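What follows is the residue order along each chain.
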Amino acid sequence: MFSKKRIIVSTIASIAFAGVGVFSSQFGTTCIQEVQAGSWVNQYIANNNIKPVGIENREGTFNRWSGYRNGVGRPEGVMIHETATPNATAEAEVSYFNRKWPVLQTYVHAFVDANKIINIKNTDFLVWGAGPNANQRYIQVELCNVNTPDQFARSISNDAYYAAAKLIQYGLPFVPDKTLVTHKQATNWWHDTTHVDPDGYLAKWDYDMSQFNELVGKYYNNLKATGSVDDAVVDPAPVVPEDGSIVKREGKVTVANPGSFAVPLVAFRDDGTTADSNRGLAKGSAWYTDQQRSFDGHVYYRVSTNEWVADTYSSFVGW
Ligand SMILES: [Zn+2]
């Protein structure tokens, strides 16, 4: 436990210091704030280009074939669990529950770890994951416990992918706390069980459900748009003249700042230099942009009359 925390702290510190190096000449130190807990996992997944593995469908031994309350093939969303079993891989959990479910009276649709997503029950039918109210509504997926930050990030990417893919498979919208829920929420709503996973386990890794929802939302939108979890048609190096002249180019700019909840905006003065705006954009939000210009080695995307966000904090997708 203690050593895990130390690794996480050093990971966050390295992200923060990378930020200082890139941003300091342009913005001074004002933007460099304490790194928010929980931001490192999604950033790590993006920075290391981690991709989810595919879902392995491997029908298990659970021989009950009950529909949800709305019928067979009509789940209302996905419920996230965590196994609370150190060192048990998805493979190990699958074989354990395939043997023991009649005794344990517990079975879920899928187990996810850093390397695998194993689906062991056709998700058209309900399982016994969290008490009758939850079982009648939700697909149940268990996140396995892992030991390193890298494994955790990979397991989260796989879990988010499973959730997004299942919502899409059943034509469900992505609505946090409604179509994507936790066992803890089920306990609070219905009191069928006393379990409060996965929040405590996520917190051990400085992660939480709002961060997880960000990732699921990203995967969901991208999968719907392109069939892949990757962002659509990223323009890696838009050609923007160095002389500061304005290029009209419409698209979406999505902002992220590992050092802060907000992403700073600048205004351009008449002489082409920048002035800090006292407004910012919420981390993770996406904005329409119609103009781009270059200044001091960076491309800026216009998001309002004279408010611009730097490429350091944003990714642009052209239309
Ligand atoms: Zn649970």
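Quick caveat, the model's predicted, so the values are computed rather than measured.

Before going further, it helps to spend a moment on the overall build of the protein chain. Helix and strand content of the protein chain: 8 helices and 13 strands. Taking all 319 residues of the protein chain together, 49% fall into the buried category. Sequence-distant contacts in the protein chain: of pairs separated by 6 or more residues, those separated by 24 or more amount to 71%. Of the accessible surface of the protein chain, which amounts to about 14900 Å², a share of 52% is contributed by carbon and sulfur atoms.

Turning to the coordination of the zinc ion, a few remarks are in order. On the protein side, the zinc ion has His81 (ND1), His183 (ND1), Asp197 (OD) and Asp197 (OD) as donor atoms, found 2.0 to 2.6 Å from it. Classification of the site at the zinc ion as irregular follows from its 4 donor atoms and the range of 52 to 139 degrees in their angles at the metal. Considered as a linear motif, the donors of the zinc ion on their single chain read H-x101-H-x13-D. Taken together, the residues span a long stretch of sequence, with His81 in strand E2 (residues 77-82) and His183 in helix H6 (residues 183-190) at a distance of 102 residues.

For the coordinates displayed, the defined rule picks out 18 aromatic pairs. Plain terms: the ring middles of Trp189 and Trp190 are 5.4 Å apart, the flat faces sit at 75 degrees to each other, and that makes the pair edge-to-face. By relative accessible area, Trp189 is classed as partly exposed at 38%. On the basis of relative accessibility, which here comes to 22%, the residue Trp190 falls in the partly exposed class. Taking 6.1 Å as the distance between ring centres and 90 degrees as the angle between the ring planes, the aromatic pair formed by Phe268 and Phe295 counts as edge-to-face. Taken together, the positions of Phe268 in strand E8 (residues 262-268) and Phe295 in strand E10 (residues 286-295) put the pair 27 residues apart, joining distant regions of the chain. One aromatic cluster in this structure is built from Phe62, Trp101, Tyr107 and Trp128.

Here the focus is the layout of surface pockets. Taken as a whole, the second largest pocket spans an internal volume of roughly 400 Å³. What lines the second largest pocket is a set of 25 residues, and nearest its centre among them are Thr83, Phe97, Thr106, Glu142 and His195. Ranked by residue count, the leading element in the lining of the second largest pocket is helix H3 (residues 90-104), at 5 residues. The class makeup of the residues in the lining of the second largest pocket is 10 nonpolar, 11 polar and 4 charged.

Right, let's talk about the packing of helix H5 (residues 149-169) against helix H8 (residues 209-226) for a bit. In the contact formed by H5 and H8, the axes pass within 8 Å of each other and the chain directions differ by 50 degrees. Comparing the axis directions of H5 and H8 gives the class oblique. Remark: the crossing between H5 and H8 carries right-handed chirality. For the pair H5 and H8, the contacting residues are Ile156, Ser157, Asp159, Ala160, Tyr161, Ala163, Ala164, Ala165, Leu167 and Ile168 in the first and Phe212, Leu215, Val216, Tyr219, Tyr220, Leu223 and Lys224 in the second. For the contact of H5 with H8, the residue count by class is 14 nonpolar, 1 polar and 2 charged.

Strand pairs in the sheet, formed through backbone hydrogen bonds, run parallel or antiparallel to each other. The 6 strands lie next to each other as E1-E4-E3-E5-E2-E6, forming an open sheet whose pairing is mixed. Taken across any chain shown, the strands that pair with only one partner, and hence form the sheet edges, are strand E1 (55-57) and strand E6 (180-182). Strand-to-strand twist of the sheet, defined as the mean angle between neighbouring strand axes without regard to direction, takes the value 25 degrees. Relative to strand E5 (residues 138-143), E2 runs parallel, the two being bridged by 6 bridges.

Moving on, we get to a nonpolar patch on the surface. Judged by side-chain polarity, Tyr96, Val103 and Leu104 come together as a nonpolar surface patch covering roughly 270 Å² of accessible area. Its place among the elements puts Tyr96 in helix H3.

So, about the pattern of salt bridges. One pass over the full model with this rule turns up 8 salt bridges. Its salt-bridge partner being Lys116, residue Glu91 comes within 2.8 Å of it at the nearest N-O pair. Of this pair, Glu91 sits in helix H3 while Lys116 sits in the loop between strand E3 (110-112) and strand E4 (117-119), and the two are 25 residues apart along the sequence. In the salt-bridge network here, residues are joined through shared partners; they are Glu56, Arg58, Glu91 and Lys116.

Cut-offs applied
Residues numbered from 1 in each chain as written. Predicted model: local features only at pLDDT ≥ 70, side-chain atom pairs only at ≥ 80, totals over all residues. Heavy atoms only, no water. Helix = DSSP H or I, 4+ residues; strand = E, 2+ residues; numbered from the N terminus. Buried < 20%, exposed > 50% of the residue type's maximum accessible area, 1.4 Å probe, protein only. Contact = heavy atoms within 4.5 Å. Areas by Shrake-Rupley, 256 points an atom, 1.4 Å probe, with all protein chains shown as cover. Donors = N, O, S within 2.8 Å, 3.2 Å for Na, K, Ca; no water. Tetrahedral: all angles 85-135°; square planar, octahedral: opposite > 155°, others 65-115°. Phe/Tyr/Trp six-rings, centres within 6.5 Å; stacked < 30°, edge-to-face > 60°. 1 Å grid on protein atoms, 1.4 Å probe; cavity = no way out; pocket = protein on both sides within 12 Å on 5 of 7 lines; lining within 4 Å. Points joined across faces, edges and corners; volume = space filled by probe spheres on them. Nonpolar A, V, L, I, M, F, W, Y, C, P; charged D, E, K, R; others polar. Axes fitted to C-alpha atoms, helices over the stretch in contact; angles between N-to-C directions. Parallel < 35°, antiparallel > 145°, perpendicular 65-115°, else oblique. Left-handed = near helix turned anticlockwise from the far one by under 90°. Pairing = 2+ DSSP bridges. Patch = residues over 30% accessible without salt bridge, like charges linked within 9 Å, V, L, I, M, F, W, Y side chains within 5 Å. Salt bridge = Lys/Arg side-chain N within 4 Å of Asp/Glu carboxyl O.

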